[in-house]
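Coordinates in review
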Amino acid sequence: MTFIRRYSALPTLRRSETTLSISALLKVCKTTSSLEQVHSRIIGKGLHEDHFIMSQFITLCNSLCNLSYSTSVFNLVSSPSTVLWNTYMKGQSENESLSLTISIFIRMKRSDAVPDKFTYPSLIKACSKECAVKEGVALHGSAVRCGVGDDVFVMTSLIHLYAKCGEILCARKVFDEMRERNVVSWTAMIVGYASFGDLVEARKLFDKMPEKNVVPWNAIISGYVKCGDLKTARKMFDEMPYRNVVSYTIMIDGYAKSGDMASARFVFEEAPEKDVVAWSALISGYVQNGQPNEAVKIFHEMCSMNVKPDEFIMVSLMSACSQIGSLEQAKWVDDYVSKSSIDIRQAHVIAALIDMNAKCGNMDRATKFFEEMPKRDLISYCSMMQGLSLHGCGSQALSLFSRMLNDGLTPDDVAFTIILTACSHAGLVDEGCYYFETMKTNYSIVPSPYHYACVVDLLGRTGRLKEAYELLKSMPVEPHAGAWGALLGACKLHCDIELGKVVAERLFELEPQNAGNYVLLSNIYAADEQWLDVNLLRNKMKDRGIRKIPGCSWI
């Protein structure tokens, strides 16, 4: 049975009754096929020039993301009214490019229709989305000329545009010129100042607001959180007359980003209701702070409460699995995502799947996702190269690096860190030195301490200890403990006692309480049967209150 037959029986209705019936049909349309059936009925009843019906029809086309259909239908209307132009333009502005949206506005201006106060907000919002301040200024002028420049919704849209594009003085000028302001206008200006980093002015405006609902409270608290002032944010959070789930999520996210997961968890547990965004903030917080097992635990707790995870939570969970390195867990997450409604073709989802499978050792699965990508980016290449490096496939990682260059991608400092590490793990000294020099000369990347540490580790593993030591001494910045530690490990591997002493003394200065450095030097002495030096070193550890962490085994 067709959609029309199920919902309609219109034998001999008057035009007004037919219009109401078709309007009712449009409200229950859920698919493009049912939309086409209603369109056929509209044409059959001669209502294709009825602006009320066509406005509803185009709105439905936009909601079903069928923009080409809405365009073809709109173009058949002989003389669209301002309302119809506004409806069509709003849908296009939300889904198409700014240039196309502006071209539609120009068509409208050239027609008989006159833009009104409902025309400009969606256009200005489209400019805000792309930070197109030049086009926004032109629309501002057009709104003034059309006599709607002082409309509260038009002016609020302009405040948001100017503030988002960094033109905070222009935003304030528009705000000050407003004869009428609503909560949205005040909030837009507060958000503008907060985004600009001017919390003093944001707070002044907030305190002057005649009426406040939860939205401006959330805006000012979010401003303090983004500036790292969690003390003031918490004070204002506690003063809120009413909090919603967004209020709690802002604080959870703020504490998580500052590394205070205990406070983040406390606020989360305080929240009377928790939506998927709040769960996501907590899970991603644990992942970002190196507590992947806790993130997995929270995920299972969320699922037990029948909260359906979105793609952002699943990406965080994949990142947690990458940190844990459990192949079994990675397979479970992969299977879960595959069976869910989440679109794995999305760039951030497939990148996370590649990273998780590569780091957990399922290189075949990672390669499958990688090769299926319509367009491979630097992040996906880096994930694959890191996975190959971790699992002893250094030569393959180098081949992939060459393929990446052939694809026209420019490696960054992270890509070079990964490829240098791959060379180190595989003992490819000449290749590693080549990439180190290429990074500096061909790509003008200043080597970081991590790049130097990779090369030191590479030279040290292959017994070129003096070269590694000279490289450390030539560094323009102070080498970190990791670089010196790599060289000390190489000294133990190749029984170089004299250099080991020098390197160990430097590590004792950098990490005076790290027992591992003392133990490593002690082992170097013991390998050469210098027991007196072993005892002296142990006494030094005892005098400084340094204790060796006892080892354990799961066997």
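As a further point, take the pattern of salt bridges. Counted under the stated rule, the structure contains 29 salt bridges. The closest approach of N and O atoms between Arg464 and Glu467, which form a salt bridge, is 2.9 Å. Taking the relative accessible area as the measure of exposure, Arg464 reaches 29% and is therefore partly exposed. The partner of Lys501 in a salt bridge is Glu498, with the nearest N and O atoms 4.0 Å apart. With Lys501 and Glu498 both in helix 31 (residues 497-510) and three residues apart, this pair spans about one turn of that helix. A residue is classified by how much of its surface remains accessible, and Lys501, at 29% relative accessible area, is partly exposed. Note on Glu498: relative accessible area 54%, which makes it exposed.

Here Thr156 is to be found in helix 10 (residues 152-164). The buried category is assigned to Thr156, whose relative accessible area is 9%. Setting aside residues up to four positions removed in sequence, Thr156 forms contacts with Met178, Asn182, Val184, Ser185 and Ala188.

This part covers the packing of aromatic side chains. Under the counting rule described, the total for this entry stands at 19 aromatic pairs. Here Phe436 and Tyr452 contribute two aromatic rings whose centre-to-centre distance is 5.4 Å and whose plane-to-plane angle is 70 degrees, an arrangement assigned as edge-to-face. One end of the pair, Phe436, is in helix 27 (residues 429-441); the other, Tyr452, is in helix 28 (residues 449-461), with 16 residues separating them in the sequence. Residue class for Tyr452 comes out buried when judged on its relative accessible area of 7%. Among the aromatic side chains, those forming a connected cluster through ring pairs are Phe401, Phe416, Tyr434, Tyr435 and Tyr443. Sitting over the ring of Phe175, Arg181 keeps its end group 4.2 Å from the ring centre.

With that settled, the discussion passes to unusual backbone geometry. For Cys131, which is not glycine, the phi dihedral falls at a positive 50 degrees. By the secondary structure assignment, Cys131 is in the loop between helix 8 (120-129) and helix 9 (133-145). A relative accessible area of 39% means that Cys131 is categorised as partly exposed. With a phi close to 55 degrees, Ser444 is a non-glycine residue in the positive phi region. Considering the arrangement of structural elements, one finds Ser444 in the loop between helix 27 and helix 28. Residue Ser444 is classed as exposed on the basis of its relative accessible area, which comes to 61%.

About the thresholds
Residues numbered from 1 in each chain as written. Predicted model: local features only at pLDDT ≥ 70, side-chain atom pairs only at ≥ 80, totals over all residues. Heavy atoms only, no water. Salt bridge = Lys/Arg side-chain N within 4 Å of Asp/Glu carboxyl O. Buried < 20%, exposed > 50% of the residue type's maximum accessible area, 1.4 Å probe, protein only. Helix = DSSP H or I, 4+ residues; strand = E, 2+ residues; numbered from the N terminus. Contact = heavy atoms within 4.5 Å. Phe/Tyr/Trp six-rings, centres within 6.5 Å; stacked < 30°, edge-to-face > 60°. Lys NZ or Arg CZ within 6 Å of the ring centre and 35° of its normal.

Just geometry here; none of it tells us what the structure is for.
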